[in-house]
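Geometric and topological summary
Here is what each chain is made of, one letter per residue.
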Amino acid sequence: MYDMSALYQAESVQDAIRLRLEHPEAQIIAGGTDVLVQMREGKRAGKALISILGCGEMRGVTLDEEENLRIGSLTTFSHITADPLIQQYINVLGEAVDMVGGPQIRNAGTIGGNTCNGVTSADSASTLHAWEAIVEITGKNGVRRVPIKDFYLKAGTVDLRVEEGEIQTAILIPKASYDRTFGHYIKYAMRNAMDIATLGTSVNARLSEDKKTFDRVRIAFGVAGPVPMRAPHAEEFINGKPVTLENIEDFGKAVLEDIHPRDSWRASKAFRSHIAVESAKRCLMESVKLAGGEL
């Protein structure tokens, strides 16, 4: 049994907003793969819950009128991995969320829950940052869109305004971010499966027409700081440079100017820094190969 004071079930986005305004102390729940575990552990004991599983308009992957990739917040990890649009335009996201937990978790867990937790180790987080995702938030005052780098406020806290009844309704990947762009994600963990990332690294690259120059490179990390983060010094260094192993080597070293890993029982700061450099290089090398370049 779960120690909850009440369970409210929203039938639509507007109904969820109404319930959130009426019960500001309640916790939003989607797949429940995190919230129910925390409740069972006593961390959220006695809380009221607002289930949004009935909000069908928040499911699925589509292209909007501007050809931005729109991922409904209730879309499960398994759906994302298998979706044809994800496979065509941003396959690395499908690969990243396929590393979350086991099959049961991936069939129930949602992209919205993964991001709204605000944890830096979320497997979707570094890839969404590297692809400059936009978070769609809906509340009593309508819809607002926030760059994902601004959505994460601090560890465990995201930009959702309870007093406005806000919920996250979608995540958008702009066409400018995915067009002719190829990426790779590396999750370093203590086990090969069913484990939280010790460090997550996501890189994507767009090459020049002749495949000789880095037109645009983005890199982001999870567990390299209190929130997922980009490495702007490394990006600035590599963009416009020739596609060479030497430049990729220096790109990896440049990430140390931006990241802020910490010591923990999972890994030391020094070890995380070492992993960050190596995974940055390997991710970029793989991105180059996917983009049709040669090294």
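Analysis parameters
Residues numbered from 1 in each chain as written. Predicted model: local features only at pLDDT ≥ 70, side-chain atom pairs only at ≥ 80, totals over all residues. Heavy atoms only, no water. Pairing = 2+ DSSP bridges. Helix = DSSP H or I, 4+ residues; strand = E, 2+ residues; numbered from the N terminus. Contact = heavy atoms within 4.5 Å. Axes fitted to C-alpha atoms, helices over the stretch in contact; angles between N-to-C directions. 1 Å grid on protein atoms, 1.4 Å probe; cavity = no way out; pocket = protein on both sides within 12 Å on 5 of 7 lines; lining within 4 Å. Points joined across faces, edges and corners; volume = space filled by probe spheres on them. Nonpolar A, V, L, I, M, F, W, Y, C, P; charged D, E, K, R; others polar. Parallel < 35°, antiparallel > 145°, perpendicular 65-115°, else oblique. Left-handed = near helix turned anticlockwise from the far one by under 90°. Polar contact = N/O pair within 3.5 Å; in protein donor to acceptor, adjacent residues only side chain to side chain. Salt bridge = Lys/Arg side-chain N within 4 Å of Asp/Glu carboxyl O. Buried < 20%, exposed > 50% of the residue type's maximum accessible area, 1.4 Å probe, protein only.

With that settled, the discussion passes to the sheet that holds strand β14 (residues 229-230). In space, the four strands of this open sheet follow the order β11-β12-β13-β14, with antiparallel pairing throughout. Because the sheet does not close on itself, it has two edges, and the strands there are β11 (182-188) and β14. In this structure, β11 lies alongside strand β12 (residues 199-207), joined through seven bridges in antiparallel fashion. Its bridge partner lying in β12, Y188 is registered against L199. Contacts from helix α13 (residues 269-290) reach β11, β12 and β13 (214-222), with the element oriented near 30 degrees to β12.

Before going further, it helps to spend a moment on the layout of surface pockets. Approximately 210 Å³ is the volume found for the second largest pocket. Lining the second largest pocket are 15 residues, and of these Q88, Y89, N91, T181 and F182 sit closest to its centre. Looking at the lining of the second largest pocket, the elements that each hand over two or more residues are α4 (84-89), α5 (91-97) and β11. Along the lines of polarity and charge, the residues of the lining of the second largest pocket split into seven nonpolar, five polar and three charged.

Two elements in contact, helix α12 (residues 245-254) and α13, have axes whose closest approach is 8 Å; the angle formed by their N-to-C orientations is 140 degrees. The angle between α12 and α13 places the two elements in the oblique class. For α12 against α13, the interelement crossing comes out right-handed. Where α12 abuts α13, its residues L245, I248, E249, F251, G252 and K253 lie against V277, A280, K281, L284 and M285.

Looking now at the pairing of strand β5 (residues 69-72). In the sheet, strand β4 (residues 61-63) pairs with β5 via three bridges, with the strands oriented antiparallel. From the neighbouring strand, L63 faces β5, where its bridge partner is L69. Relative to strand β10 (residues 167-173), β5 runs antiparallel, the two sharing four bridges. Residue G72 lies in a different strand from β10, and its bridge partner there is A170.

Another aspect to go through is the sheet that holds strand β6 (residues 134-139). Strand order in the open sheet made by the five strands is β4-β5-β10-β6-β7, with antiparallel pairing throughout. Taken across any chain shown, the strands that pair with only one partner, and hence form the sheet edges, are β4 and β7 (142-147). Direction aside, neighbouring strands of the sheet carry axes that sit 25 degrees apart on average. Relative to β7, β6 is paired through six bridges, and the arrangement is antiparallel. Pairing of T138 across the sheet is with V143, part of β7.

Among the structural elements, T138 can be located in strand β6. At 2.9 Å, the side chain of T138 forms a polar contact with the side chain of T169. Setting aside its immediate chain neighbours within four residues, T138 contacts V13, Q14, I17, V143, G165, E166, I167 and T169.

Opposite charge on two side chains permits pairing when their charged atoms draw close. Summed over the entire model, instances satisfying the criterion amount to 18 salt bridges. Salt-bridge contacts for R70 lead to E136; the nearest nitrogen and oxygen are separated by 2.5 Å. Of this pair, R70 sits in strand β5 while E136 sits in strand β6, and the two are 66 residues apart along the sequence. Under the relative-accessibility criterion, E136 is labelled buried at 6%.

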